Amino acid sequence: MFGYIAVHKPELKIREYEIYRASYCGLCRSLKKRHGRLGQMTLSFDMTFLALLLTGLYEPQTVTGCSRCLAHPVHRHHYRENPYFDYAADMNVILTYYKCLDDWQDEHKAVKLFYARALGGRMKALCRQYKDKEERIGQLLRELGELERDNCCDIDKTAGFFGEIMAELFVCHSDEWEERLRRMGFFFGKFIYLMDAYEDIEEDLRKGCYNPLRELYKKDTFEQDCQQILKMMMAEASRAFETLPILEDAEILRNILYAGVWTRYGQIRCKRKETEQKS
C-alpha cells in the first residue's frame, strides 16, 4: 500500500520495537490465514498501525507466539494475534482491491487489474461480511476517481474523499468511540493522500497523470506550503488520538504519530534536494 505510517525506530525502546515487529508479523499471519498468499502480499505498515490502535483501545485478549515463515525461514519470530488484527487484515484487502482497480482505470497498469481480479474471490466473502462498509468505500473511491479524471484542483475536496475512506476503516464498532476514531481516520487519510501526491508530483507531471498538488507545485513556496498542510493534517489526527483512553502500546502509537509519519517525508525531501543540486 502506501507505507507512510511506520515507526521511527531510533526513538523506540528495544521492547517497544519488538512489540511493533510482533504486531507486523501478526497482521501478516492474519492476512495469510484469512486471504492466503495473495492477501499476504497486501501487508502494510498503515494497517499495522490500525491493528495496534484498536488493540490499545479495546484491549482484547491477545495471543502471542513464535514461528518461522517464508520471510523468516531460519529464525523464529514473535507474533501477536487478536480479532483486531483480523479486522485490519480484511480492511487491508478491501483497500488494496479498490486501489488496484483505480490504478487500472487511471494508468491502465495491467498488473493492477490482474491483481484486483485475483483478489476478487476474497472480496466476495468480505462484501458479505462488511456489506455497508464495503459499499461505502467503493462509492467513495468511485467519486474520488471521477474528481481526479476531471482534474479537480481542490486539494481539500479530493483529499477529503480519501479521508472519508480511512474514516470508514478506522471504525469497527458503533460505540462511544466511533466519532473520535472516525475523525482520526479522516485526517490520517488526508495526510496519506497528500503525502502520496507530494512524493509522486514530478513523475506524475512528467507522465501527464493527475496530481492534486500540480497547481501548488508551480509556486516558489511549494515545499513550505506542503509541509504546513501535512502538519495540519497530523495535528488534527494526533489531537483525536489523545482523546482516546489508550494505555497499551500508547508510546508506540505516539512514536508513529509524532515521528514515524515524518520519516518518509524527510527521505523524499532529501532526495528532491539532491536531484535539484545535480540539475
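Residues numbered from 1 in each chain as written. Predicted model: local features only at pLDDT ≥ 70, side-chain atom pairs only at ≥ 80, totals over all residues. Heavy atoms only, no water.

Undergrad: Please clarify how the pattern of salt bridges should be interpreted in this entry.
TA: Side chains that carry opposite charge are capable of pairing whenever their charged atoms lie near each other. According to the stated counting rule, one finds 21 salt bridges in the structure shown. Across the pair Arg 34 and Asp 90 runs a salt bridge, and its minimum N-O distance is 2.7 Å. Separated by 56 residues along the polypeptide, Arg 34 in helix 1 (residues 14–40) and Asp 90 in helix 3 (residues 83–107) bring together distant segments of the chain. Taking relative accessible area as the criterion, Arg 34 reaches 32% and is therefore assigned partly exposed. The buried category is assigned to Asp 90, whose relative accessible area is 0%. Close ionic contact of Arg 80 with Asp 249 constitutes a salt bridge, the shortest N to O distance being 3.1 Å. Of this pair, Arg 80 sits in strand 2 (residues 77–81) while Asp 249 sits in the loop between helix 9 (222–241) and helix 10 (250–258), and the two are 169 residues apart along the sequence. Residue Arg 80 shares its accessibility class with Asp 249, and that shared class is buried. The network of salt bridges with common partners includes Lys 33, Arg 34, Asp 86 and Asp 90. (Salt bridge = Lys/Arg side-chain N within 4 Å of Asp/Glu carboxyl O. Helix = DSSP H or I, 4+ residues; strand = E, 2+ residues; numbered from the N terminus. Buried < 20%, exposed > 50% of the residue type's maximum accessible area, 1.4 Å probe, protein only.)

Undergrad: So what exactly am I meant to see when it comes to unusual backbone geometry here?
TA: One non-glycine residue with positive phi stands out, namely Glu 59, at about 50 degrees. Structurally, Glu 59 can be placed in the loop between helix 2 (45–58) and strand 1 (63–67). By relative accessible area, Glu 59 is classed as partly exposed at 48%. Here Asn 151, not a glycine, exhibits a phi torsion of approximately 55 degrees, which is positive. Tracing the sequence through the fold places Asn 151 in the loop between helix 6 (131–149) and helix 7 (155–170).

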